[in-house]
Amino acid sequence: WKASLLGGGQAMSAVVGGPPTPLQLVAEFSTLAQWHRQQQVLATTPGVSELQIGGVSGRSASIALVYPGGGPALQSALTGRGLSLENINGFWIMR
């Protein structure tokens, strides 16, 4: 995706984060309120697209989405929004 950057008083366009990358992750939560907050944060994170919620259990949910730059870039974005995203043995876990 593209973002507008201000430099020297002129607007310019730059690619931010890298190419759109499909991701699979598992959201872990302990309460329904926590799950709702995770969904809200993901849905309002700039760059997140094609957000799909898969199976949901009492404590976790599977999520598919597309994000520029993949997991490492989303990890940085979510850290600034109060969530953690970790790659554990090849699986992305959001808490």
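Look up a bit, the structure's there.
Nothing here was measured: the structure is a model prediction, and the numbers come from that model.

> Sorry if this is basic, but what is going on with the pattern of salt bridges here?
Side chains bearing opposite charge may pair, as long as their charged atoms lie close to each other. Per the counting criterion, the structure on display carries two salt bridges. A salt bridge links arginine 95 to glutamate 28; the shortest N-O distance between them is 2.8 Å. Highlighted residues: arginine 95 in the segment after β7 (91-94) and glutamate 28 in strand β3 (residues 20-28), separated in sequence by 67 residues. Judged by relative accessible area, which is 30%, glutamate 28 ranks as partly exposed. In this structure, arginine 95 engages glutamate 86 in a salt bridge whose closest nitrogen and oxygen atoms are separated by 2.7 Å. Here arginine 95 falls in the partly exposed class, since its relative accessible area comes to 35%. Each of Glu28, Glu86 and Arg95 takes part in one network of salt bridges that share partners.

> Hey, could you run me through a nonpolar patch on the surface in this one?
Together, Leu51, Ile53 and Val56 line one region of the surface with nonpolar side chains, adding up to about 220 Å² of accessible area. Structurally, isoleucine 53 can be placed in strand β4 (residues 49-56). Here isoleucine 53 falls in the partly exposed class, since its relative accessible area comes to 37%.

What counts and what doesn't
Residues numbered from 1 in each chain as written. Predicted model: local features only at pLDDT ≥ 70, side-chain atom pairs only at ≥ 80, totals over all residues. Heavy atoms only, no water. Salt bridge = Lys/Arg side-chain N within 4 Å of Asp/Glu carboxyl O. Helix = DSSP H or I, 4+ residues; strand = E, 2+ residues; numbered from the N terminus. Buried < 20%, exposed > 50% of the residue type's maximum accessible area, 1.4 Å probe, protein only. Patch = residues over 30% accessible without salt bridge, like charges linked within 9 Å, V, L, I, M, F, W, Y side chains within 5 Å. Areas by Shrake-Rupley, 256 points an atom, 1.4 Å probe, with all protein chains shown as cover.

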